[in-house]
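Chain by chain, the residues:
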Amino acid sequence: MIDPWQGRPADGQWRAISRRNARSVQSTVGWIFWDPGAVARFEARGLPGPLGYIASRGAPLAPAGPEALTAAFGTISSAGIALTFDLLQGDPAAFRAFWRLRDEAVDEGLRRHAPGIVDPLIEMGPALWSAVDRLPRLGRVLFGATVSMPRPHNPLLSGWHAVNAIREWRGDTHWALLASAGLTSSEASIVHNEWLGYPDDWLSTSRGHTVQEIDEGWDLLSRKGCAAQRRLLPPALRLRQRLEDLTDDLTALPWQLLGEDFSTVFAERLEPPCALLLARVDETAGPNYQPASRVRERHRSSGDAGDTTGAPPRPSTPLHPAE
């Protein structure tokens, strides 16, 4: 792996705002992936819940085919994506039907499980869309496809989709950073799992990677000098922290466009209902799911003590984990 350091980081204030609001953005959207109301709708249409998730989220990019969606989804099982395309016969209209089913479940579920989020999303939606419309498209393929979809007339769904667009913009940015570090999909899941301190290969398994794919990921990391005996070495963990810091830096732009006051109000109004949505994930999936919504103590060296205000430390040389 190489260090993808580029340019100058956002100042500490904007990194902190970006990091804080990313958790609410993820919580606002992520709960729907395991929501029984969504799963029931997907199953009634002929797909099990995980494949319904792929179809509903991937609908904007479905016309480009399974390889494009695999690239955009980062660490989601390529076999699961291929199976979804097979079962829906690659029909973009079928994918859009799952997009609409998800909308139904989102509207119903938010009102039932986190009613405190309804008014904020309705009221802040127009401003959020204004920021979304000014975000750069370069390299953000899933984001670009997502914002090309028709915007709902329902004001609650409109606000939710604006948040979802910000989420996809951050996700595209994050995958670009991981790719620039030379990581494959399997390696990225392994590194993320170790950085979170999750049980052995839990994250890879939860995203549908096969035993063979996981073994290949560990082998690649070992041959790069990033891992030994199926454990990531400290310099690789430090790199993963730098990638996260740089993600926060490079995705501060939506909040800078919205302004500090708006960004603070967004945090204060969405965090309480988002806590309910995260509890919903705990109930429907489990406490390890949706790690981007959670505040966790992660693996860090003494030299990377989790400072969230300054620039991520820059190594003197490209990463050589065996040093």
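Summarised in this report is the structure supplied together with it. (Residues numbered from 1 in each chain as written. Predicted model: local features only at pLDDT ≥ 70, side-chain atom pairs only at ≥ 80, totals over all residues. Heavy atoms only, no water.)

## Quick word on the overall build of the chain
What counts here: Secondary structure elements follow DSSP: runs of H or I no shorter than four residues count as helices, runs of E no shorter than two count as strands, and numbering proceeds from the N terminus. Summary of the burial criterion: residues with accessible area below 20% of their type's maximum are buried, those above 50% are exposed, and those between are partly exposed, where the area comes from a 1.4 Å probe applied to protein chains only. Note on contacts: a residue pair is in contact if any heavy atoms of the two residues lie within 4.5 Å. Calculation of accessible area relied on Shrake-Rupley with a 1.4 Å probe; when residues are assessed, cover is drawn exclusively from the protein chains displayed.
Looking only at helices and strands, the chain has 15 helices and 2 strands in total. Put simply, the chain has 323 residues, and 55% of those count as buried. For the chain, the proportion of contacts with a sequence separation of at least 24, taken over those separated by at least 6, is 78%. Surface exposure of the chain reaches about 13700 Å², of which carbon and sulfur atoms provide 55%.

## Let's talk about the environment of Ala 267
Inspection of the secondary structure assignment puts Ala 267 in helix H15 (residues 260–284). When its relative accessible area of 1% is taken as the criterion, Ala 267 is described as buried. Along the sequence, Ala 267 and Ile 17 sit 250 residues apart, while their C-alpha atoms lie 8.6 Å from each other. Other than its neighbours up to four places away in sequence, Ala 267 contacts Arg 20 and Asn 21.

## Quick look at the pattern of salt bridges
Which entries qualify depends on this criterion: A pairing counts as a salt bridge when a side-chain nitrogen of Lys or Arg comes within 4 Å of a carboxyl oxygen of Asp or Glu.
For the structure on display, the rule yields 23 salt bridges. A salt bridge links Arg 231 to Asp 200; the nearest nitrogen and oxygen atoms lie 2.7 Å apart. Placement of the pair is Arg 231 in strand S2 (residues 231–232) and Asp 200 in the loop between helix H10 (185–196) and helix H11 (202–206), with a sequence separation of 31 residues. Judged by relative accessible area, Arg 231 falls into the partly exposed class, the value being 41%. We note a salt bridge from Asp 282 to Arg 294, for which the minimum N-O separation is 2.6 Å. Here Arg 294 lies in the segment after H15 and Asp 282 lies in helix H15, a separation of 12 residues in the sequence. A relative accessible area of 33% means that Asp 282 is categorised as partly exposed. Overall, Arg 294 belongs to the buried group, its relative accessible area being 10%. In this structure, a network of salt bridges that share partners links the residues Arg 19, Arg 170, Arg 240, Glu 244, Asp 245 and Asp 248.

## Section: helix H12 (residues 211–223)
To keep it simple, the criterion reads: Given a helix with a known number of residues, its expected span is that number minus one, times 1.5 Å. Arc, as used here, means the arc of the directions from the helix axis to the C-beta atoms.
The end-to-end C-alpha distance of H12 is 18 Å, a good match for the 18 Å that 13 residues give at a rise of 1.5 Å each. If you check which residues of H12 are buried, you get Ile 214, Gly 217, Trp 218 and Leu 221. Viewed end-on, H12 has its buried residues packed into an arc of 95°, placing them on one side of the element. Facing away from the buried side of H12 by more than 90 degrees, the exposed set consists of Gln 212 and Arg 223. Taken together, the buried residues of H12 touch H10, H11, strand S1 (227–228) and S2. Backbone geometry just downstream of H12 places Gly 225 in the positive-phi region, at approximately 80°.

## Observations regarding the packing of aromatic side chains
Filter applied, for reference: Under the pairing criterion, centres of Phe, Tyr and Trp rings, with the six-membered ring standing for Trp, must be within 6.5 Å; the plane angle then separates stacked pairs below 30 degrees from edge-to-face pairs above 60, leaving the rest tilted. In this scheme, Lys NZ or Arg CZ marks a charge over a ring once it lies within 6 Å of the ring centre and within 35 degrees of the ring normal.
Considering all chains together, one arrives at 9 aromatic pairs under this definition. Centroid distance Phe 42 to Phe 98: 5.7 Å. Interplanar angle 45°. Geometry classified as tilted. Here Phe 42, found in helix H2 (residues 36–44), pairs with Phe 98, found in helix H6 (residues 92–113); they are 56 residues apart in sequence, far enough to count as distant. Cluster of aromatic residues (ring-pair linked, three or more members): Phe 33, Trp 34, Tyr 53, Phe 73, Tyr 198, Trp 202 and Tyr 289. A cation over an aromatic ring shows up here: Arg 57 above the ring of Phe 73, its NZ or CZ 4.5 Å from the ring centre. One residue, Arg 151, lies across the ring of Trp 129, its end atom 3.8 Å from the ring centre.

## Observations regarding helix H5 (residues 78–87)
Worth spelling out the cut-off: Polar contacts here mean pairs of N or O atoms no more than 3.5 Å apart (in protein, one a potential hydrogen donor and the other a potential acceptor; neighbouring residues in sequence count only if both atoms are side-chain atoms).
Looking only at H5, the buried set comprises Gly 80, Ile 81, Thr 84 and Phe 85. Looking straight down H5, one finds that the buried residues subtend no more than 140° of arc, so they occupy a single side. Lining the buried residues of H5 we find helix H3 (49–58), helix H4 (66–73) and H6. N-capping of H5 is provided by Ser 77, with a side-chain oxygen placed 3.2 Å from the backbone N of Ala 79. Residue Gln 89 follows H5 closely and has a positive phi angle near 55°.

## Some thoughts on unusual backbone geometry
Located in the positive-phi region is Arg 230, a residue other than glycine, with phi close to 55°. Structurally, the position occupied by Arg 230 is in the loop between S1 and S2. Judged by relative accessible area, Arg 230 falls into the partly exposed class, the value being 34%.

Everything listed here is a matter of geometry and, on its own, says nothing about what the molecule does.
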